[in-house]
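# Analysis of the macromolecular model
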Amino acid sequence: MGWLFYTDQRIRGHAQEKAEITRICTFENDTLCQMPLRLSKVGSVWYVAVRSLPRPGTSFTQTQYVAGPDGAYTFAAVFLTGYDQGCFGYKDMDETMGPVQARAPLGLIACLSEISDPKSYAHGWRQKCKDWAAIPNYQEGDEIHLAAPVTITDGSTVQDVRRTHYKRRGRRMTCFADIKSGTLVRLSKESLAGSVLIKGAVSTGSDVLAEFYARQRER
């Protein structure tokens, strides 16, 4: 499915986007009811845990998920969103379609039903969300060993870095300094996957912690 843009500019901002996504995910017909259980926006993407429940006296067949005793199951929906000349638009898909965007919070993933289809793309999508959530959040001054060297614009590589910052137009911008050369680099969160803390900023002055982080770096 492609993008759908509204031309009346009635959707403006987070609260109205959330209300619209909630409306889209709320559905009822002769056989089932559908409603959102949890919504979360990461960047410009909305992630939604959507519950489908058969209406009393009816049933519907699906093979993707393990349904509960009442026949209900919960799946993840993904909404890409954007604005064009002030008009809100979205593109929706569900987790079985293998969305590229995979940053749903773990709390939302925990709401989802078990997947019964071993070939479903949803398995890989959920794991990508978990892998994203597992990437560490470092503090200012932390020294980090990256899982793989990162090539910077001059062709050199960095692997041991310290989180620091620089100021741009009065704003404090996070960056990293190569421990060997002091060169400042911007690193994406993806490049921190699998990284290891080799010395924490809070460990300064602690011989015991310094020794611990040194052992971690040698592994």
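Now for a description of the structure that goes with this document. On a predicted model such as this, the values are computed, not experimentally measured, just so you know.

### Some points on the nonpolar core
Residues Ile21, Cys25, Val48, Val50, Phe75, Ala77 and Phe79 are the most contacted members of the largest nonpolar core, which totals 16 residues. The set of elements that each furnish at least two residues to this core consists of helix 1 (14-25), strand 4 (45-54), strand 5 (73-84) and strand 6 (87-94). Counting residues per element, this core draws most heavily on strand 5, at 4 residues. Of all hydrophobic cores here, the second largest spans 14 residues; its members include Val45, Ala76, Met93 and Ala102.

### Considering helix 1
For helix 1, spanning 12 residues, the distance from its first C-alpha to its last is 16 Å, which sits close to the expected 16 Å at 1.5 Å a residue. Glu17, Glu20, Ile21 and Cys25 are the residues of helix 1 that are buried. Axial view of helix 1: buried residues confined to an arc of 130°, hence all on one face. Tucked inside the fold, the buried residues of helix 1 contact strand 2 (27-28), strand 3 (32-42), strand 4, strand 5 and strand 6.

### Focus: the state of the cysteines
In total, this model carries 0 disulfides according to the counting rule given. For the unlinked cysteine Cys111, the closest cysteine sulfur is that of Cys129, found at 13 Å. Its relative accessible area of 31% is what places Cys111 among the partly exposed residues.

### Remarks on the side chain of Asp178
Locating Asp178 in the fold gives a position in strand 9 (residues 171-178). The side chain of Asp178 sits in the buried core without any salt bridge; Lys180 is the nearest counter-charge, 6.8 Å away. In terms of polar contacts, Asp178 uses its side chain to reach the side chain of Ser181, at 2.8 Å. If we ignore the near neighbours within four places in the chain, the residues touching Asp178 are Val158, Asp160, Val161 and Thr183.

### Quick word on the packing of aromatic side chains
Applying the stated criterion across every chain yields a total of 8 aromatic pairs. Among the aromatic residues, those joined into a cluster by ring pairs are Tyr6, Phe79, Tyr83, Phe88 and Tyr90. In this arrangement the basic side chain of Arg103 is found over the ring face of Trp132, its NZ or CZ atom lying 3.8 Å from the centre.

### Some details on the sheet that holds strand 9
Across the sheet, which stays open at both edges, the 5 strands sit in the order 10-9-8-7-11 with antiparallel pairing between neighbours. Strand pairing shows two members of the sheet lacking a second neighbour, strand 10 (184-185) and strand 11 (196-199), which therefore form its edges. With 3 bridges joining them, strand 7 (residues 143-151) and strand 11 adopt antiparallel strand pairing. Note on strand 11: the bridge partner recorded for His145 is Val196.

### Focus on the sheet that holds strand 4
The sheet built from 6 strands is open, its strands ordered 1-6-5-4-3-2 with antiparallel pairing. Taken across any chain shown, the strands that pair with only one partner, and hence form the sheet edges, are strand 1 (4-5) and strand 2. The pairing of strand 1 with strand 6 spans 2 bridges and is classified as antiparallel. By the bridge assignment for strand 6, Leu4 is matched with Tyr90. Sheet strands in contact with helix 1 are strand 2, strand 3, strand 4, strand 5 and strand 6, and its direction is about 155° off that of strand 3.

### Section: the pairing of strand 8 (residues 157-168)
Note that strand 7 and strand 8 share 5 bridges and pair antiparallel. For His145, the partnering residue across the bridge sits in strand 8 and is Asp160. In textbook terms, the turn of a hairpin is the stretch between consecutive antiparallel strands, and for strand 7 and strand 8 this stretch comprises 5 residues, one of which, Gly155, has a positive phi near 95°. Alignment of strand 8 against strand 9, held across 8 bridges, turns out to be antiparallel. By the bridge assignment for strand 9, His165 is matched with Thr174.

About the criteria used
- Residues numbered from 1 in each chain as written.
- Predicted model: local features only at pLDDT ≥ 70, side-chain atom pairs only at ≥ 80, totals over all residues.
- Heavy atoms only, no water.
- Core = buried A, V, L, I, M, F, W, Y, C linked by side-chain atoms within 4.5 Å.
- Buried < 20%, exposed > 50% of the residue type's maximum accessible area, 1.4 Å probe, protein only.
- Helix = DSSP H or I, 4+ residues; strand = E, 2+ residues; numbered from the N terminus.
- Expected span 1.5 Å × (residues − 1).
- Arc of directions from axis to C-beta.
- Contact = heavy atoms within 4.5 Å.
- Disulfide = S-S within 2.5 Å.
- Lys, Arg positive; Asp, Glu negative; His and termini not counted.
- Salt bridge = Lys/Arg side-chain N within 4 Å of Asp/Glu carboxyl O.
- Polar contact = N/O pair within 3.5 Å; in protein donor to acceptor, adjacent residues only side chain to side chain.
- Phe/Tyr/Trp six-rings, centres within 6.5 Å; stacked < 30°, edge-to-face > 60°.
- Lys NZ or Arg CZ within 6 Å of the ring centre and 35° of its normal.
- Pairing = 2+ DSSP bridges.
- Axes fitted to C-alpha atoms, helices over the stretch in contact; angles between N-to-C directions.

The analysis is restricted to geometry; functional conclusions fall outside its scope.
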